[in-house]
Amino acid sequence: MRQNPSFTLADVTEIRRTIDSNPWATIVSAGEDGLVSSHYAVLLDESRDDLTIVGHVGRPDDLIHGLGERELLVVFQGPHGYVSPGWYGDVQAVPTWNYIAVHLSGVPEILSDDENLAVLDRLVDRFEGRLPEPRRMWERPNDPALVSRLAAGTVGFRLTPTRVVAKRKLSQNKPAETVDTVIAALEGDGPYAQPALAAEMRRARDARPGAGR
């Protein structure tokens, strides 16, 4: 991901928020037959306050990625959307795309069976916990034998990144009034409405020095 000083995201708290809010990740590695990628839900390691993540892959993805033996690139994609030059007013402009993305790279460590099971349990709780009648991993009609069998088909990992590239391109290089116009368009009912992106732009705008909002 090409970096631009205007859009660099370096705040660990904000990067953690992006990861936590967008846990569906793309995992990429360079295998013997070329690049390979997989898609899994990944969580922050709750025992750490850095950018360490935990997750799992289903077998045989562990072999395909050489899990624990070579570098992984884990990509998190936050809210994103099209920005029309027409939203900038009567000025010279071209279309663009606003977005938030985080790239974490490093060689992961393989989790023990018990650690993997704990991560799987936490993963289920993370998403089922929002439902009025959540189906926890250990609740009926599941039984311990089923859970153990399913867990055995996965390999857990923990990745403490050795390289972090994070970018938040939210029109920070535009005048405040232009940013407000783009936010309004994204919050509207047009074909490119994207309320989640508008919310991130509003957050970034309000954090500007001297924003006064």
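Conventions and cut-offs
- Residues numbered from 1 in each chain as written.
- Predicted model: local features only at pLDDT ≥ 70, side-chain atom pairs only at ≥ 80, totals over all residues.
- Heavy atoms only, no water.
- Salt bridge = Lys/Arg side-chain N within 4 Å of Asp/Glu carboxyl O.
- Helix = DSSP H or I, 4+ residues; strand = E, 2+ residues; numbered from the N terminus.
- Buried < 20%, exposed > 50% of the residue type's maximum accessible area, 1.4 Å probe, protein only.
- Pairing = 2+ DSSP bridges.
- Axes fitted to C-alpha atoms, helices over the stretch in contact; angles between N-to-C directions.

(A) Structural detail: the pattern of salt bridges. Under the criterion given, the structure shown has 15 salt bridges. One salt bridge in this structure joins Arg 17 and Glu 200, with 2.8 Å as the shortest N-O distance. Placement of Arg 17 in helix α1 (residues 12-21) and of Glu 200 in helix α6 (residues 195-206) is noted, with a sequence separation of 183 residues between them. Take Arg 17: its relative accessible area is 22%, and that puts it in the partly exposed class. A residue is classified by how much of its surface remains accessible, and Glu 200, at 12% relative accessible area, is buried.

(B) Structural detail: the sheet that holds strand β9 (residues 163-169). If you walk across this open sheet you meet the five strands as β2-β1-β5-β6-β9, and the pairing is antiparallel. On the outer flanks of this sheet lie β2 (34-41) and β9, each paired with one strand and no other. On average, each strand axis in the sheet is tilted by 25° relative to the strand beside it, whichever way the strands run. Both strand β6 (residues 96-106) and β9 contribute to a ladder of seven bridges, which runs antiparallel.

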